[in-house]
Amino acid sequence: MKVAVLVFPGSNCDHDALHVSQIVMGWEAHPVWHQDTELPAHTDLVIVPGGFSYGDYLRCGAIASLAPIMKAVHRHADEGGWVLGICNGFQILCEAGLLPGALLRNRGLRFLHQRVHLRVERNDLPYTASLRQGQILEMPIAHGEGNYTCDEETLASLHANRQIVFRYAHSSGDVNETSAANGSLEQIAGIINPSGNILGLMPHPERACEASLGMVDGLGIFQSLEHSRRYVS
Amino acid sequence: MSVRPLVQDPEVTETLALQLGLSAEEWKSVLRLTEGRTPTYPELGIFSAMWSEHCSYKSSRIHLKNLPTEGPRVLQGPGENAGVVDIGDGWAVAFKMESHNHPSFIEPFQGAATGVGGILRDVFTMGARPLANLNSLRFGELKAPRMSSLVQGVVEGISSYGNCMGIPMLGGDVGFDGCYNGNILVNAFTLGLLRSDRIFRGTASGVGNPVLYIGSKTGRDGIHGASMASAEFSEGDDEKRPTVQVGDPFVEKLLLEACLEIFNHDWIVGIQDMGAAGLTSSSFEMASRAGTGLELRLDTIPMREEGMTPFELMLSESQERMLLVAKPGHEQDVIRVLHKWGLDAVSVGEVTNSGRFIGRWHGEVVIDLPIQPLADAAPKYDRPKKVPEYLATVAEAPYPTDLQTQDLSAALQSLIQTPTLASKHWILRQYDGTVRGNTLLGMGEGDAGLIRIKNEDGSPSGKVVAVTSDCNSRFCYLDPFWGAAHAVAEACRNLSCVGAEPIGLTDCLNYGNPEKPENMWTFEQGCLGIRQACLALGVPVVSGNVSLYNDTEGQSIFPTPMIGAVGLIERCFTSVPLEEDHPESFSANVNYYSGSSFRSAADVIYLLGTTRNELGGSEYLKWRLGRVTGPCPELHLDDELSLQQCLREGIRMGLIRSAHDLSEGGLLIGCVESAFQGNLGFQLELRRGHLRLDSLLFGESASRAVISVHGEAIRDLEQLAHNYGVPFTKLGVVGGKSFSVSIDDVKVLDIPCVDLQRLHRGALERQLGLTS
């Protein structure tokens, strides 16, 4: 597996994504500067990491979505390559038009750092192939703007195309109005594009990959990709 | 060299000097140093800033020398941007704690945010990548005017800056007392990691070397910030709002990454943050350390506004700026990296051998001052000291009648909701505590925050660093000497409760107006108390900060010597999950660490240490009487040391499964806190002995910890405690869905965990007026 981790001014979780890719998964992973115009040759997976790209000025992810490297990311995605946007990375992918909808300020208007539970809504994707449908994953969120929203038409197409991949759940596995601390529409935590190669999610799977850190459920997503790649190639 | 005042500058007179905060005596020293010449306005500004309490430590220096600052691990003691301590195998940690009290009271969001920004710069200028933040906050009563908005603003300011920088918040403490109603405390701590042979210092050596200005442009914000921090508050201080700096964490993040990139090369001689007193203190201190001179072209400094004057440029406290001295031939390398990160980098002058600071403004000399003599002539006061009168009576106040067993349940439910003891969940969840993926114990999970140290290739090194901060200012009010010693003991006890050995301290000494003899006596006692505890526990103070003039309307805060403490565990690959993560590194020689939460039903709960009939300064007594009173609890430092050694050894061996220091709220609250975190109940079977019921359950006797132990480890644990001479008492067992307590075989409490937890968790939000 060959991974490109984008680095924007203000990216914070680029180190975490590189650590998981290289040390935990044993993949080849490279940081890629926002002003570059090409991804490393034969990149399988682009990780758009969390942080505060461009200080979250204007709107979260808005300026980063126009960075020179994003043209290459669009090309990579068009060719069916994998793109994983985490937290600020999810916001960037929405701003770039690679995923539908937008992320508003959390209900309550405050930054939230806490462990959350996610329900896996489908496991027929390269990102979730090693997970069970309905499986509950525990990992942290850390964001001020993670309140997913979209218009009715978009929501209908998310349903029609089965694009909702993760929903915020209670630890019991129940999903209801109170299970999304940030107030997300339909408790949406992560969505995929219709072609199934671009995933964006607000929680941080890369912070939940080592037992010593107290959470390992994020590993399932990275292992799914490992598994899917072997299957593809 | 002829110095010419600018025509637009005000005329410099003794009256103007007094207005800028200099005393008549200090004005005479100014004239001696300028050899009779009337100083220019920017020169006068430099004197006023450099000789302010905040920059010169003129009242405190004489007492700070009492602090023990040396030890085998110390690579850099006080006097630099931050202290540095060796953690072995070529690694070191840099850390410091600093106050931003006055700005935060005037403008809570920006005041607190720039406090975080300032301490981060202090640490990364040493060449260290910041790994952990802490903050220690003291607020007034929540019903006091503005207090709810101050709490919200400060927390949001810290959250906004720290989160954007991508530095995990690992803990800190929050306290509330009426003495802070008009003067809150915001103390921020940062720890960073660096190679022990790559420490960067604030020194301007090498005649002819270029001096570079890097980072944000200079604006008019924060002018006189240092002088503001050196005077009491009074009504109408809203006018001081422009003296508060405005922070931009995004620029600081760029500055951090740019500096770390520069530090990877051998390009620079020295670097210093432009913090308090901005360009003035950074340039004078850098040249003073190197014994050199500096010549700066002030008109080339990047400016945010038009029409700025040399006075403003020298005194602005605009954030996110550094002064850097490059090695010959590497000026352009440095500038290239700064430009890559989109930041300003301008050559503004050179190092000289004149020993003088020359400031030019479009060619004309407007500042010409001797550097070393100015530092040497900085006033140093041995201010008058006097024992405060209240101390004669405060310890003798009679205790109320003992708590009756039938009132225990109500007392517990009430106490758990006081701001001091209520859950800080609402505050802590606004801070990112897991970014960078190194957090082993985050906020509320242990008595100290715990982070793993990775090798340069990213693999875990097995080293784990613990950080904590502490101070019970009520004890300091009751006994300024022993209260300060308690702060050191408790901070080190917190480290020991996670299994870490204390290796260094930083202090942030928050006291009242030093011109009041009572405050000066109190300050001296505080330093001596810290000294005594440090010597007994074998831990040096490697950095620190003094914040005086914490008074409003003539009312001083409780003495609050905040202690930030750093500990180390070698070869610690974690507790349970270790084998799964890194089986190859696991062996019987590996050390364990411990959190503070109970882990499994049927584990046995022990008290280590001795409970005395002590209620002085306790939260319980404050709740009963509405005031802080009584004798300060005793502190026996030899007992403290044995307890800490016993805790560390028990944790290292894996005998102790959880450990929690007993502090505010005492034994019962400590057990409840450990149980909450583990979502478990407990049954305690206590013996009262000679103790009052309230002393037994809520007294705050020092040098105690509540631990839990697996049933099979009981014998070994008791043997260990015996070997260290630590008194131990079996309290009961973990388990069930209620908190049940019997005393001398009579059940006195049985309350469902969920009921108490609900009260505990929502109390702070309710009292802040955010929920009904």
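Residues numbered from 1 in each chain as written. Chains lettered and ligands numbered in written order. Predicted model: local features only at pLDDT ≥ 70, side-chain atom pairs only at ≥ 80, totals over all residues. Heavy atoms only, no water.

Engineer: Quick rundown of the overall build of chain A? Include the residues and the values.
Structural biologist: Looking only at helices and strands, chain A features five helices and eleven strands. By the compact-globule yardstick of 17 Å for 233 residues, chain A fits well, its C-alpha radius of gyration being 16 Å. Seen along its three principal axes, the alpha-carbon backbone of chain A occupies a region of about 45 × 40 × 35 Å. Residues classed as buried in chain A amount to 64% of the 233 residues present. In chain A, once contacts between residues fewer than 6 apart in sequence are set aside, the share between residues at least 24 apart is 76%. Summed over all atoms, the accessible surface of chain A reaches about 8700 Å², with 49% contributed by carbon and sulfur. One finds the centroid of the 16 positive side-chain charges in chain A at a distance of 2 Å from the centroid of its 24 negative side-chain charges. (Helix = DSSP H or I, 4+ residues; strand = E, 2+ residues; numbered from the N terminus. Rg over C-alpha atoms; globule rule 2.2 N^0.38 Å. Buried < 20%, exposed > 50% of the residue type's maximum accessible area, 1.4 Å probe, protein only. Contact = heavy atoms within 4.5 Å. Areas by Shrake-Rupley, 256 points an atom, 1.4 Å probe, with all protein chains shown as cover. Lys, Arg positive; Asp, Glu negative; His and termini not counted. Charge placed at Lys NZ, Arg CZ, Asp CG, Glu CD.)

Engineer: I'd like a rundown of the packing of helix H7 (residues 108–124) of chain B against helix H8 (residues 147–165) of chain B, residues and numbers included.
Structural biologist: Residue and element names in this part refer to chain B. Put simply, H7 and H8 touch, their axes get as near as 7 Å, and they point 35° apart. Like other packed secondary-structure pairs, H7 and H8 cross with a definite hand, here right-handed. Residues Pro108, Phe109, Ala112, Ala113, Val116, Gly117, Leu120 and Arg121 of H7 form the contact with H8, whose participating residues are Ser149, Leu150, Gly153, Val154, Glu156, Gly157, Ile158, Ser160, Tyr161, Gly162 and Met165. Along the lines of polarity and charge, the residues of the contact of H7 with H8 split into eleven nonpolar, six polar and two charged. (Axes fitted to C-alpha atoms, helices over the stretch in contact; angles between N-to-C directions. Left-handed = near helix turned anticlockwise from the far one by under 90°. Nonpolar A, V, L, I, M, F, W, Y, C, P; charged D, E, K, R; others polar.)

Engineer: So what's going on with the nonpolar core? Which residues, and what values?
Structural biologist: Membership of the largest hydrophobic core comes to 131 residues, with the highest contact counts inside it found for A:Leu6, A:Phe8, A:Phe166 and B:Ile214. For this core, the element with the highest residue contribution is helix H10 (residues 249–263) of chain B, accounting for ten residues. The next biggest cluster of nonpolar side chains, apart from the first, holds 67 residues, and it includes B:Ala485, B:Val498, B:Ile530 and B:Leu637. (Core = buried A, V, L, I, M, F, W, Y, C linked by side-chain atoms within 4.5 Å.)

Engineer: Before we move on, could you go through the interface of chain B and chain A and cite the residues and values that matter?
Structural biologist: At the interface, 41 residues of chain B touch 27 residues of chain A. Across the chain B/chain A interface, buried area totals approximately 2700 Å², and carbon plus sulfur atoms make up 54% of it. Linking chain B with chain A are two salt bridges. Of the charged contacts in the structure, one is a salt bridge between A:Glu210 and B:Arg452, with a shortest N-O distance of 2.8 Å. The interface formed by chain B and chain A includes 17 residue pairs in polar contact (both at pLDDT 80 or more). Elements supplying a minimum of two residues to the side of chain B that touches chain A: H8, H10, strand S14 (439–441), strand S15 (449–454) and helix H21 (578–581) of chain B. (Buried area = accessible area lost by both parts, 1.4 Å probe. Salt bridge = Lys/Arg side-chain N within 4 Å of Asp/Glu carboxyl O. Polar contact = N/O pair within 3.5 Å; in protein donor to acceptor, adjacent residues only side chain to side chain.)

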